Amino acid sequence: MYYGYGYGYGMDPWYILVIIAFIFSMVAQTKVSSTFNKYSRVRNRAGFTGAQVATQMLQNAGIYDVSVQRVAGNLTDHYDPRTKTLRLSQSVYDSMSVAALGVAAHETGHAIQHDVGYAPLALRSFFVPLANFGSRLAMPLIIIGFLITSVLGGGGGTIITLGILFFSLSVAFTIITLPVEFNASSRAIDLLVADGFLTSDEIGGAKKVLSAAAMTYVAAAFAAVAQLLRLIAIFGRRDD
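Think of each chain on its own: its residues are numbered from 1, step by step along the sequence as written. Under the rules for a predicted model, residues below a pLDDT of 70 receive no local features and side-chain atom pairs below 80 are neither given nor counted, while totals for whole chains, interfaces and linings still include all residues. As a convention, hydrogens and water are excluded, and side-chain values are obtained from all of the structure's heavy atoms.

(A) Quick look at the environment of Val218. Within the secondary structure, Val218 is located in helix H7 (residues 203-235). Three labels apply to residues, based on accessible area from a 1.4 Å probe with only protein chains included: buried if under 20% of the type maximum, exposed if over 50%, partly exposed otherwise in between. A relative accessible area of 24% places Val218 in the partly exposed class. Sequence separation of Val218 and Gln69 is 149 residues, and the distance between their C-alpha atoms is 28 Å. Discounting residues that sit within four places of it in the chain, Val218 has contacts with Phe24, Leu178 and Phe182. Put simply, DSSP H or I for four residues or longer makes a helix, DSSP E for two residues or longer makes a strand, and each gets a number counted from the N terminus. In this description, contact between two residues means that some pair of their heavy atoms is separated by no more than 4.5 Å.

(B) Main features of the environment of Ser97. Following the sequence through the fold, Ser97 ends up in the loop between helix H3 (90-93) and helix H4 (98-116). The exposure class assigned to Ser97 is buried, which follows from its relative accessible area of 2%. In sequence terms Ser97 and Phe48 are 49 residues apart; their C-alpha atoms lie 8.3 Å from each other. For Ser97, the residues in contact, after removing those within four places along its chain, are Tyr39, Ser40, Val42, Arg43 and Asn44. As used in this structure description, the phrase polar contact means that two N or O atoms lie within 3.5 Å; if the pair is within protein, one of them must be able to donate a hydrogen and the other to accept it, and residues adjacent in sequence are counted only when both atoms belong to side chains. Within the structure, the side chain of Ser97 is placed 3.1 Å from the side chain of Ser95, a separation counted as a polar contact.

(C) Expanded view of a positive patch on the surface. Side chains of Lys31, Lys38, Arg41 and Lys208 sit close together on the surface and give a patch of like positive charge. Structurally, Lys31 can be placed in helix H1 (residues 13-39). In this structure Lys31 comes out as partly exposed when scored by relative accessible area, which is 49%. Put simply, a patch holds well-exposed residues, over 30% relative accessible area, that have no salt bridge, with like charges counted together within 9 Å and Val, Leu, Ile, Met, Phe, Trp or Tyr side chains within 5 Å. Every accessible area reported is derived by Shrake-Rupley at a probe size of 1.4 Å, with residue values counting cover from the shown protein chains alone. The term salt bridge refers to a pairing of a side-chain nitrogen on Lys or Arg with a carboxyl oxygen on Asp or Glu at a separation within 4 Å. Only four residue types enter the charge count: Lys and Arg as positive, Asp and Glu as negative, with His and the chain ends excluded. To locate a charge, the coordinates of NZ of Lys, CZ of Arg, CG of Asp or CD of Glu are taken.

(D) A look at the pattern of salt bridges. Using the criterion set out here, one finds seven salt bridges in the structure. Note that Arg45 and Asp201 form a salt bridge whose closest N and O atoms lie 2.7 Å from each other. Here Arg45, found in the loop between H1 and helix H2 (50-60), pairs with Asp201, found in the loop between helix H6 (157-194) and H7; they are 156 residues apart in sequence, far enough to count as distant. There is no split in this pair, since Arg45 and Asp201 are both exposed. The shortest N-O distance in the salt bridge between Lys84 and Asp65 comes to 2.6 Å. In this pair, Lys84 is assigned in the loop between strand E2 (78-80) and strand E3 (85-89) and Asp65 in the loop between H2 and strand E1 (67-71), connecting sequence segments 19 residues apart. According to the relative accessible area criterion, Asp65 is partly exposed, its value standing at 44%. The structure contains a network of salt bridges with shared partners spanning Arg45, Asp201 and Glu202.

(E) How the structure looks around the pairing of E3. Within E3, four of the five residues are buried, which leaves it mostly tucked inside the rest of the structure. In the sheet, E1 pairs with E3 via five bridges, with the strands oriented parallel. When the bridges of E3 are listed, Ser67 appears paired with Thr85. By this definition, two strands are paired if DSSP reports at least two bridges between them. For E2 and E3, the ladder comprises three bridges, and the chain directions are antiparallel. Opposite Asp80, over in E3, you have Thr85 as the bridge partner. Once E2 ends, the chain turns through four residues before running back antiparallel as E3, passing Lys84 with a positive phi of about 50°.

Okay, here's the thing in structure tokens:
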């Protein structure tokens, strides 16, 4: 068996792509933190808190079986479709900032997606256990397969391929996540204006916060795809 992981004395071009993806991820994380912090200091004129916005939006959408709860941490906000629970972080739940309202509305957007049967959300929920399973087993299988090949001179190709396939499940999850997150943000912006929570000159701040957050998901998908391509490039050429 032969693995084409040598690139002479030059830098592995796929590794460069992974580095670029890592830098992109760091920039995206920094951007979302700085943007949220900026607009967390801008109070919405109507005086709504994040929790009030989420609760009212749910009621306006005819959803009464979703609970809104406070959760510890910063930017740990999420919607759990299994328990129909919308959890808002401490910096969002009681905050009256434009940033908090944007985040609360975004998570409410996920609850609305669940209520109306938004297909990409259902697909993402289906992929959660598969992605978790794949991410746990992928690298151990690839390492075991590589060691078998290194020691025995062959025989580990099938195990490596299986590891790459498992890793691709987590990659698929990051890609499926993109339309879910973008749609939730779109719903959030529309509802914040339509329901009168933010004025036309306040909504720009909420848009910037959600756009910055969306870039973190794009960066995660880019990083996952880059890593998958590198694994395929390194271990894909073999002769069993």
